[in-house]
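Single-letter residue listing:
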Amino acid sequence: MRVHSTLKAGAIGLALAMIVTACTGGSSGTITNGQSAGASKGPVKRGGTVTIAELGVSPDFIFPLPPATNQNGYNANLTEAMWPYLVYAGDGAQSVVNKDKSLFSTLSYSNGDKRITIQLKPWNWSDGRPITSRDFSFVYNLLKANFSNWNAHLVGLFPEDVAKVSTPDARTVVLDLTKAYNPDFYTDDVLSTIPLLPQHAWDKTSAGGTVGDNDTTTAGAKAVYAYLQKEGAKTTSFSTNPLWKVVDGPWKLSEFRSNGYYSYVPNPAYSGSAKPVVDKVIESPFTTDTPEINALRSGSSLDVATLPLNDIKQAQALSSSGYSIASVPIPGVAAVMPNLYNTAVGALFRQLYIRQALEYLINRPQIVAKIYNGYADPGNGPVPVKATGTWASPLEKAGGPYPYNPATAKSLLQAHGWKVVPGGTTTCVSPGTGASQCGAGITAGQALTFNLLYSSGRTTTDEQNAAIKSSQAQAGITINLRSEPFNTLVSTIGTCTAASHPKSSCGWQLAEFGYDPYPLYPNGTGFFDTGGTNNYGGYSDPTMDKLIQATEYGASASTFTTYEDYAARQLPWLWLPLREGITVYRTKLRGVVPLNPFSSTNTFEDWYYTS
Amino acid sequence: MRAYLLRRTGQAVVVVIGVMVVTFALIHLEPGSAARATLGTRATDERIAVFNAANGLNRPLTAQFVSFVKQAAAGNLGTSYSLHQPVSTLIAQRLPRDGVLLGLSTLLALALALPMGIFQAVRRGRAEDHAFTVLSFGLYSIPDFFFGLLLIAIFSVQLHLLPSQAPQAQSIGGILADPRALVLPVLTLALVSMASFSRYVRSSAIITLAQEYIQVARSTGLPERLVLRRHVLRNSLLPVITVLGLSARDIVAGAVIAEAVFNYPGMGQLFFQAATSKDYPILLGSTLVVGVATVIGSLIADIAYSLLDPRIRYVDG
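Just so you know, these numbers come straight off a predicted model, no measurement behind them. (Residues numbered from 1 in each chain as written. Chains lettered and ligands numbered in written order. Predicted model: local features only at pLDDT ≥ 70, side-chain atom pairs only at ≥ 80, totals over all residues.)

### Quick notes on the overall build of chain A
A count of helices and strands for chain A gives 18 helices and 28 strands. Rg of the C-alpha trace for chain A: 27 Å, near the compact-globule value of 25 Å for 611 residues, within the 12% margin. Expressed along its principal axes, the backbone C-alpha trace of chain A runs to roughly 90 × 75 × 40 Å. Sequence-distant contacts in chain A: of pairs separated by 6 or more residues, those separated by 24 or more amount to 67%. (Helix = DSSP H or I, 4+ residues; strand = E, 2+ residues; numbered from the N terminus. Rg over C-alpha atoms; globule rule 2.2 N^0.38 Å. Contact = placed C-beta atoms within 7 Å.)

### Observations concerning the interface of chain A and chain B
Many authors give the size of an interface as the accessible area that is lost as the parts come together. The interface of chain A with chain B comprises 37 residues on the first partner and 40 residues on the second. Taken together, the elements giving at least two residues each to the side of chain A that touches chain B come down to α1 (2-24), α7 (289-297) and α15 (486-492) of chain A. Taken together, the residues of the side of chain A that touches chain B sort by class into 15 nonpolar, 19 polar and 3 charged. (Nonpolar A, V, L, I, M, F, W, Y, C, P; charged D, E, K, R; others polar.)

### Considering the sheet that holds strand β22 (residues 510-512) of chain A
All names here are of chain A. Spatially, β21-β20-β22-β16-β24 is the arrangement adopted by the 5 strands of the open sheet, whose pairing is mixed. The open sheet terminates on both sides in strands that have one partner only, identified here as β21 (478-484) and β24 (574-575). The pairing of strand β20 (residues 449-455) with β22 spans 3 bridges and is parallel. Among the inter-strand pairings, Leu452 is bridged to a residue of β22, identified as Leu510. Against the sheet, helix α14 (residues 459-472) engages β20 and β21, with an angle of about 165 degrees to β21. (Pairing = 2+ DSSP bridges. Axes fitted to C-alpha atoms, helices over the stretch in contact; angles between N-to-C directions.)

### Quick word on the nonpolar core
Counting 238 residues, the largest nonpolar core has A:Val139, A:Leu142, A:Ala335, A:Leu574 and A:Val584 as the members making the most contacts within it. The dominant element in this core, judged by the number of residues it contributes, is helix α9 (residues 179-209) of chain B, at 14 residues. For A:Val584, the residues in contact, after removing those within four places along its chain, are A:Leu296, A:Val304, A:Ala305, A:Leu307, A:Leu318, A:Tyr323 and A:Ile325. (Core = buried A, V, L, I, M, F, W, Y, C linked by C-beta atoms within 7 Å. Buried ≥ 20, exposed ≤ 12 C-beta atoms within 10 Å, placed from the backbone.)

### Concerning the pairing of β21(A)
Residue and element names in this part refer to chain A. As defined by bridge partners, β20 adjoins β21 across 7 bridges and the pair is classed as parallel. If you follow Leu453 over to β21, its bridge partner there is Arg482. Taken together, β20, α14 and β21 form a β-α-β motif whose crossover is right-handed. (Right-handed = clockwise from strand over helix to strand, strands pointing away.)

### Section: the environment of B:Tyr4
Residues and elements named next belong to chain B. Of note, Tyr4 is situated in helix α1 (residues 2-29). What makes Tyr4 partly exposed here is the crowd of 17 C-beta atoms within 10 Å. Along the backbone, Tyr4 and Gln71 are 67 residues apart, and their C-alpha atoms lie at a distance of 29 Å.

### Overview of unusual backbone geometry
Of all residues except glycine, most have a negative phi; of all peptide bonds, most are trans. Residues and elements named next belong to chain A. In this chain, Phe158 is followed by Pro159 through a cis amide linkage whose omega measures 5 degrees. If you trace the backbone, Pro159 turns up in the loop between α3 (133-146) and β8 (162-169). The omega angle of the peptide bond from Val593 to Pro594 is 0 degrees, so this bond is cis rather than trans. The residue Asp113 is not glycine, and still its phi comes out positive at about 65 degrees. Asp113 gets classed as partly exposed once you count the C-beta atoms within 10 Å, which come to 18.

### Quick notes on the confidence of the model for chain A
Detail in the predicted coordinates should be disregarded across regions flagged by low pLDDT. Of all residues in chain A, 93% have pLDDT values of 70 or greater, and the mean over the chain is 89. Within the model, the stretch residues 1-28 of chain A combines pLDDT values under 50 with 22 contacts to residues more than four positions away or in other chains. (pLDDT = per-residue confidence, 0-100.)

### Comments concerning the packing of helix α5 (residues 87-122) of chain B against α9(B)
Residue and element names in this part refer to chain B. Following both chains from N to C, one finds α5 and α9 inclined at 35 degrees, their axes separated by 5 Å at the closest point. Pair α5 / α9 crosses with right-handed handedness. Counted by class, the contact of α5 with α9 contains 23 nonpolar, 6 polar and 1 charged residues. (Left-handed = near helix turned anticlockwise from the far one by under 90°.)

### Comments concerning the sheet that holds strand β2 (residues 44-45) of chain A
Residue and element names in this part refer to chain A. Ordered in space as β2-β28-β27, the 3 strands form an open sheet in which the pairing is antiparallel. Bordering the open sheet on either side are β2 and β27 (589-590), each of which pairs with just one other strand. Bridging between β2 and strand β28 (residues 608-610) involves 2 bridges; their strand directions are antiparallel. Note on β28: the bridge partner recorded for Lys45 is Tyr609.

### Some words on the pairing of strand β9 (residues 172-177) of chain A
Residues and elements named next belong to chain A. Side chains Val173, Leu175 and Leu177 of β9 all project onto a buried face; the interleaved residues Thr172, Val174 and Asp176 project onto a face where none is buried. Pairing between strand β7 (residues 115-120) and β9: 5 bridges, direction antiparallel. Its bridge partner lying in β9, Thr117 is registered against Val174. Pairing geometry for β8 and β9, over 5 bridges, is antiparallel. The residue bridging Val162 from the neighbouring strand is Leu177, located in β9. Hairpin geometry of β8 and β9 is characterised by an intervening segment of 2 residues between the two adjacent antiparallel strands.

Structural data, given as structure tokens:
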């Protein structure tokens with residue numbers, strides 16, 4: 001009997017130990033810098049299958065020009081491997097144009113930067129037909145007639161800003177623009193959103209219709225676009241529809257299931273130099289990161305996965321399961337948005353000194369070190385220092401204009417008529433508009449109490465905002481936190497401006513969505529300009545507008561730095577650290593690093609197994 | 001019986017319509033805009049207006065509801081705002097998956113709970129009864145997501161015996177063709193349900209065993225095995241029938257937690273994601289299907305009562 005008891009106790013103990021070990025993982029593991037890591041080499045073994053975890057949302061549209069109502073960013077993940085953009089963003093770890101993978105051979109600006117001459121590479125479609133300038137004019141004609149129903153359209157830009165498209169020969173496109181642009185801006189932010197599409201196969205209005213020059217009339221372009229949009233939404237025929245079999249990228253779709261599972265095989269006719277080595281790439285959908293981590297740790301099915309930073313504690317366990325882990329900075333801006341026109345607190349946010357005090361009280365270095373374990377951009381201003389370092393100004397690289405400094409924050413408030421009560425409630429004791437008074441619209445006794453709405457679902461975000469709440473309290477500023485699912489947050493936060501204060505969508509005071517991504521050229525269009533699409537809080541400053549326009553239309557390199565430093569100092573948003581992306585990959589799979597900040601796990605034509 | 005069934009069907013229609021009215025009102029009372037939730041942070045006022053017009057959201061609520069009812073009556077549940085596919089297609093893809101998972105787990109739970117409950121009733125008050133009671137309460141009190149994670153930690157991560165994910169195939173045939181991947185999710189749901197079912201069976205069997213007809217049966221020399229099978233088992237099933245009838249709703253509504261843990265997108269995940277993204281067509285369509293399943297399950301339970309217990313008769317009128 002005693003033997004039985006001992007055995008039973010031992011068995012239970014063993015089981016518990018196994019559970020504890022399995023559930024906790026390790027405390028640390030080697031995470032390489034995905035940007036600086038050199039491309040590891042090894043004997044190339046041709047063939048093999050790579051299975052990639054696809055976390056969160058799955059693609060649902062295959063035509064590369066999705067409608068305005070379809071905001072699923074994963075559609076670009078699906079299509080980019082088959083129809084790459086004219087300008088390919090990211091070369092290895094560098095945030096620059098990848099000339100090798102782009103479809104142009106030369107891009108030249110002339111006529112005071114109002115004319116762009118594009119020379120296309122002598123590449124072919126998968127059916128053997130050449131890629132020609134007609135394929136560009138096909139895209140242009142479709143978008144010209146339908147731009148309001150294209151989700152990547154930016155108001156006033158392509159194709160609205162094109163006066164004329166000419167195609168002097170089969171490989172040359174000449175774009176005459178209505179105004180002069182900064183070449184960096186136009187190449188990096190506009191031409192990088194335009195794929196070439198096979199006019200010889202897609203220029204028809206029905207499945208049985210004749211391919212012709214239907215796109216050359218507005219009515220015809222509308223009909224072609226409507227047909228391609230209709231076909232592009234049919235998930236059941238993504239891999240079988242003859243339309244989608246004509247590609248110019250390195251991959252062809254071989255299977256697509258309605259749950260988001262899909263696979264590629266190499267396009268044998270791909271003309272680029274980086275030809276696929278592996279036989280097949282599978283994208284396997286995961287609804288949350290929990291089963292993804294379990295699948296990785298069971299070591300069976302996954303070769304590559306991206307992980308939320310919350311799971312960084314699993315690094316050791318994953319390393320011991322044969323995986324390598326790399327981090328990559330995200331090109332984007334993370335911030336808390338103040339609502340300058342909220343009825344209760346808008347007057348407070350309209351005061352620059354209050355925004356400055358709030359920023360001085362965000363301990364960004366500590367958030368980076370303690371919450372993100374060092375895997376985050378410092379968030380010193382509007383331009384990320386790590387991901388798009390070439391554009392970051394010396395001011396941002398030096399820590400930004402408002403390094404963590406509670407004493408300065410308190411002094412600022414006191415100098416403007418506030419009674420600062422650390423740990424308590426700071427109140428305005430000197431209302432008025434004088435230099436040493438609280439400012440317009442702020443009443444005596446008004447407290448610095450704000451509600452911060454943020455997107456739920458990430459432990460690191462919870463911890464970050466709890467840290468902000470705590471550090472703001474040092475100057476008597478109260479932050480009330482509330483988290484909501486991202487879509488719920490988006491649905492309740494509307495744009496508020498001086499002219500508009502709808503109760504239903506202007507009730508928010510501070511909001512944090514996570515981050516806003518940048519294209520290659522990280523200027524502030526749409527974020528900080530008056531009426532910008534993402535300018536929810538109603539920030540409006542003629543000087544900022546002028547500086548942003550200068551980054552789009554001016555040719556001087558210094559205009560960007562001038563804009564950047566001005567935005568960093570003016571605080572249209574409160575700058576925050578931006579977490580990095582974490583990629584897990586089988587150690588025997590080479591070519592994954594250095595990670596491209598713009599398409600870290602989509603460059604699978606560069607991947608191979610070692611023999 | 002026919003009149004009874006007609007009356008119950010009529011009641012069911014009223015109940016389903018009532019559920020739809022309440023659901024429709026609730027989702028529209030919730031603050032926020034479906035257009036903004038769908039179009040994301042870069043939605044312009046123009047795009048929001050186009051979205052609202054295209055989906056009829058700029059019309060009065062009553063008109064929207066009437067349109068939904070008319071379309072639903074014609075078999076059209078609308079198109080998802082966020083997934084851009086017909087709701088009926090989305091439900092048709094996911095419902096069979098939940099049917100397999102929850103159907104198998106329910107069958108396994110019953111297969112385990114019936115003998116266990118009757119065994120406990122027969123051995124009432126003895127060590128075996130106490131042991132199974134502890135087991136039942138233990139299993140019942142463990143949240144299913146935690147139980148699932150424990151099983152994965154042991155059998156997938158540590159021992160590498162079973163896959164951590166449920167089958168990823170789309171068709172029922174494909175799912176059943178991967179039985180190893182079904183083991184952990186089915187076991188997770190079955191053991192928790194078994195704990196619940198076995199308590200009902202035990203209680204019911206204890207009452208049945210105390211009935212005079214059981215003593216009569218025994219006194220006639222009927223073997224105990226036959227007494228249990230013919231008299232106790234049949235009568236002990238009645239309360240379980242009620243639970244099973246109501247669990248038809250669960251089979252259709254999905255198991256959101258188990259679906260998440262085992263990466264098995266079904267009705268539960270579909271409904272959860274629709275709720276967070278204000279995808280009204282999916283919310284209404286799913287509610288309609290679940291409502292119908294609930295009343296049908298309840299009706300089948302009532303009919304099963306009369307079949308199992310001849311004393312129960314449904315009176316017309």
